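Listed here are the chains, written in short residue letters.
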Amino acid sequence: MGDNVMVRSSDVITILDRQLLKSSSIVNEFLDVQKDRVVELSNGNTKSVVVTVDNVYFSPLSSSTLKKRSQQVSDFETILEEI
């Protein structure tokens, strides 16, 4: 993610697409409740929201990009475990 923020994949609860932010009052209510935990990385250009154990990150990367990256990390960790 931007600003060199590293989030452990094991800490990620969910990755939400920006379209969900526009269409879901429940998601917006959740974000309002979590506002003290929000870390803005997108400079107003939020494409996804990453909810972790400790924080909620507004990311400039799309949810599909983040999911692909998290899968690559998971695949790499599996390879390391097999060695």
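Everything below is about the structure shown above.
Small disclaimer: the values here were computed from a predicted structure and weren't measured.

The subject of this paragraph is unusual backbone geometry. The phi angle at Asn43 is positive, at roughly 50°, despite the residue not being glycine. Positionally, Asn43 belongs in the loop between strand E2 (38-40) and strand E3 (48-52).

This brings us to the nonpolar core. Counting residues in each nonpolar core, the largest one holds eight residues, listed as Leu16, Leu21, Val27, Leu31, Val49, Val51, Val56 and Phe58. Of all the secondary structure elements, the ones that give two or more residues to this core are helix H2 (25-33), E3 and strand E4 (56-59). Dropping the residues within four chain positions of it, Val27 is found in contact with Leu16, Leu20 and Leu21. Core analysis: the next-biggest nonpolar cluster, separate from the first, contains six residues, Val5, Ile15, Tyr57 and Leu66 among them.

Sheet architecture is open: four strands sit in the order E1-E3-E4-E2, paired in mixed fashion. Since the sheet does not close on itself, it has two edges, and those belong to strand E1 (12-17) and E2, each with one partner. Neighbouring strand axes in the sheet, compared pairwise and without regard to direction, differ in orientation by 20° on average. As defined by bridge partners, E1 adjoins E3 across five bridges and the pair is classed as antiparallel. By the bridge assignment for E3, Leu16 is matched with Val49.

What follows covers the pairing of E3. Most of E3 sits out of view: five of its five residues are buried. Neither face of E3 is exposed, since Ser48, Val50 and Thr52 on one face and Val49 and Val51 on the opposite face are all buried. With four bridges joining them, E3 and E4 adopt antiparallel strand pairing. Considered in E4, the bridge of Val49 is made with Phe58. Here E3 hands over to E4 after three residues, the two strands then running antiparallel side by side.

So, on to the side chain of Ser48. Its place among the elements puts Ser48 in strand E3. One polar contact links the side chain of Ser48 to the main-chain carbonyl oxygen of Leu61, over a distance of 2.6 Å. Apart from the residues within four sequence positions on either side, Ser48 is in contact with Ile15, Leu16, Arg18, Tyr57, Phe58, Ser59, Leu61, Ser62, Ser63 and Leu66.

The next thing to look at is the environment of Tyr57. By the element assignment, Tyr57 lies in strand E4. Owing to a relative accessible area of 10%, Tyr57 belongs among the buried residues under this scheme. Polar side-chain contacts of Tyr57 include one of 3.2 Å to the side chain of Asn55.

What counts, and where the lines are drawn
- Residues numbered from 1 in each chain as written.
- Predicted model: local features only at pLDDT ≥ 70, side-chain atom pairs only at ≥ 80, totals over all residues.
- Heavy atoms only, no water.
- Helix = DSSP H or I, 4+ residues; strand = E, 2+ residues; numbered from the N terminus.
- Core = buried A, V, L, I, M, F, W, Y, C linked by side-chain atoms within 4.5 Å.
- Buried < 20%, exposed > 50% of the residue type's maximum accessible area, 1.4 Å probe, protein only.
- Contact = heavy atoms within 4.5 Å.
- Pairing = 2+ DSSP bridges.
- Axes fitted to C-alpha atoms, helices over the stretch in contact; angles between N-to-C directions.
- Polar contact = N/O pair within 3.5 Å; in protein donor to acceptor, adjacent residues only side chain to side chain.

Purely spatial values, then, with no claim about function.
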